[in-house]
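So the chains spell out like this:
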Amino acid sequence: MGKSRADLISDLSSQLKPVKVLSPIGPTILRWFVPSVVASLAVAGLLSLIFAGFDFSVERVLDAKFIIEQALLLSSSLAAGLTALMISRPGIDPTLSRLLSFGTLLLWSVLGMTVLDSFLLPEFAVETMFLGYTCLTVSTLSAIPVGISIHRMVTKGYVMNKPMALFFSILAATSMGSFALQFYCPMVTGAIKLVWHILPIYILSLVGVMLLQAKLKSK
Amino acid sequence: MSDKDTSRSELTQLIVKAQAGDSQAYMQMLERVGQLVERFMYKRLKASDLVEDLVQDVLLNIHKALHTYNSEYPVEPWVYAIARNRLNDHLRKIKKSVEIQVDADSIPEQAADAEIRALDLQALDRAMSKLSEDQRKIVTLLKFDGKSLKETATEMNMTVSAVKVAAHRGYKVIFKELEV
C-alpha cells in the first residue's frame, strides 16, 4: 500500500462519525407508497374542484376496466419507486432491479393496450383532445409532492445510476398522479386517457432524464 | 467455514463497527477494501498509477456511502458496485475526451492517450477485431502509429472527413465492445 493511500485512510478514519444506516428497501418504499396514495388523492381531489369541477362517480369507479387501469397504474408506480431505490443503492443485486424495470415497462404496455381500442371511435375528435389539458395539470401537480418525497428517499444514499434513478422516480410519481386524477376525471374515452393520462407520464420521465443528462454533461 | 467466508464475515463486522463510529475498525476495513478494489481495478486496467488513483477515489466514495451498507447483504457486491461506478465514470471521461478529439480537426493522434493504452489489451484486440478492415487500419494509423488525419487520409486514399467519420464509427464500436 502506497504512502498516499495510507495517509488517505488515516485521514478518513480520523473524520469518521457514527452513521445512521439506511432502512432496508421494503419498509422504505412502503413509507413512501402508502402516504403518497392518500396525498395524491387529496391533492387531485382539491385541484379537480378548482380546475375542472369535482366528478367522482361510483358507477365509473366500479367499472372493471377502470379497476384494471387503476391497478396497473398503482403497480407501475410501486414497481418504479422500488426500482428507483434499488438501482440507486450500491450492493443490491442488479439482476433483480433490471427484471423489475422490465416488469414495470411491461405493465405499462398492457395498460397502453387496454385503451388502444377506442382510438377509432368517432367521439375521439380533435376538439375533445384539447379538453385534456386540465387532466395534465391536475395529474402533474398531484405528482409533484409524491415526486419530491421519492426523490428525497432516493438521494439519501450514495446515488448510483443517477439518470435511471431519476427516470424511475418520475415514473413512480407521475403514475401516482395519473392514478389519483382518474378518480375525478369524467373522461372515459380510451384514446383521450392514453393521450392525457398516460402519455405525459412517459414524456415527463424522459424530459427529466434528458435535463439531468444535460446537466451532468455540462459539468 | 472457508477462509474466504471468514474473511467476508470479518469484513462485514468491521463495516458494522465502523458505522457505529469505531475508527480503528474503519481503518482496518478501508485497508482491506483497498486491496479488494485494487485487484478489481488491476484486472480491468493495467496502468498501476491509474489503479492507485482510482482506488483512492473509491475509498473516498466508500466513506461517503458508508451508511448505505446493510449488513444483511454480502459485502463484496457493495464494494464492487461502488468501484464499478467510479470506473465507469472514468471510462466515460476517456470516451468523452476521445470524442472531443475526433470532433476537433487537430487530433493529436501521436498521443494515443495513455489511458486508452492502459485498457486491457486483450479486450482491445477483441474490440479491434470487430471493426471493418478500413476502420481497423484507420484507428491503427491514428491511434497507434501516431499519424495525423491528413497523413491517414493520404495513405488510405480518402478525404479527411471520410477518415474522421470512419474513425468515429470505429471508436464507437470499440467503446461498445469495451462496455465503456
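Preceding this paragraph is the structure being described.
All of the points below concern the structure found in this document. Owing to the predicted nature of the structure, the values given are computational and were not obtained by experimental measurement.

Cut-offs applied
Residues numbered from 1 in each chain as written. Chains lettered and ligands numbered in written order. Predicted model: local features only at pLDDT ≥ 70, side-chain atom pairs only at ≥ 80, totals over all residues. Heavy atoms only, no water. Contact = heavy atoms within 4.5 Å. Buried area = accessible area lost by both parts, 1.4 Å probe. Salt bridge = Lys/Arg side-chain N within 4 Å of Asp/Glu carboxyl O. Polar contact = N/O pair within 3.5 Å; in protein donor to acceptor, adjacent residues only side chain to side chain. Helix = DSSP H or I, 4+ residues; strand = E, 2+ residues; numbered from the N terminus. Nonpolar A, V, L, I, M, F, W, Y, C, P; charged D, E, K, R; others polar. Patch = residues over 30% accessible without salt bridge, like charges linked within 9 Å, V, L, I, M, F, W, Y side chains within 5 Å. Areas by Shrake-Rupley, 256 points an atom, 1.4 Å probe, with all protein chains shown as cover. Buried < 20%, exposed > 50% of the residue type's maximum accessible area, 1.4 Å probe, protein only. Phe/Tyr/Trp six-rings, centres within 6.5 Å; stacked < 30°, edge-to-face > 60°. Axes fitted to C-alpha atoms, helices over the stretch in contact; angles between N-to-C directions. Left-handed = near helix turned anticlockwise from the far one by under 90°.

Here we come to the interface of chain A and chain B. Contacts between the two partners involve 28 residues from chain A, matched on the other side by 33 residues from chain B. When the two sides are added together, the surface that chain A and chain B hide from each other amounts to roughly 2,600 Å², 66% of it contributed by carbon and sulfur. When the buried surface of chain A facing chain B is broken down by residue, A:Arg5, A:Leu16 and A:Tyr158 rank first, second and third, together holding 28% of it. Between chain A and chain B we count 2 salt bridges in total. With a shortest N-O distance of 2.8 Å, B:Glu52 and A:Arg5 are connected by a salt bridge. Counting across the chain A and chain B interface gives 8 residue pairs in polar contact (both at pLDDT 80 or more). Considering each element in turn, the side of chain A that touches chain B owes the most residues, 8 residues, to helix α1 (residues 3-15) of chain A. Classifying every residue of the side of chain A that touches chain B gives 15 nonpolar, 7 polar and 6 charged.

This part covers the pattern of salt bridges. By the definition in use, this model includes 5 salt bridges over all chains. Several salt bridges converge on common partners, so that one network encompasses A:Arg5, B:Glu38 and B:Glu52.

Residues and elements named next belong to chain A. Taken together, the side chains of Leu46, Leu49, Ile50, Phe51, Leu141, Ile144 and Ile148 make up a nonpolar region of the molecular surface, amounting to roughly 680 Å² of accessible area. At the level of elements, α2 (25-52) and α7 (133-154) are the ones that each hand at least two residues to the nonpolar patch. With 4 residues, α2 is the largest single contributor of residues to the nonpolar patch. Within the secondary structure, Ile144 sits in helix α7. Judged by relative accessible area, which is 43%, Ile144 ranks as partly exposed.

What follows concerns the packing of aromatic side chains. Residue and element names in this part refer to chain B. Within this structure, the stated rule accounts for 6 aromatic pairs over all chains. Seen in terms of ring centroids, Phe40 and Tyr80 are 5.3 Å apart; in terms of plane orientation they differ by 15 degrees. Their pairing is stacked. Taken together, the residues span a long stretch of sequence, with Phe40 in helix α2 (residues 23-44) and Tyr80 in helix α4 (residues 75-103) at a distance of 40 residues. Judged by relative accessible area, Tyr80 falls into the partly exposed class, the value being 23%. Consider the rings of Tyr69 and Trp78, whose centres lie 5.2 Å apart with planes at 55 degrees: the pair is tilted. Judged on exposure class, the residue Tyr69 and its partner Trp78 are both buried.

Let us now look at the packing of helix α7 (residues 133-144) of chain B against helix α8 (residues 149-156) of chain B. Residue and element names in this part refer to chain B. Packing of α7 against α8 leaves a shortest axis separation of 10 Å and a crossing angle of 145 degrees. α8 is crossed by α7, and the crossing has right-handed handedness. Contacts from Asp134, Lys137, Ile138, Leu141 and Leu142 of α7 reach α8 at Leu149, Thr152, Glu155 and Met156. Taken together, the residues that form the contact of α7 with α8 break down as 5 nonpolar, 1 polar and 3 charged.

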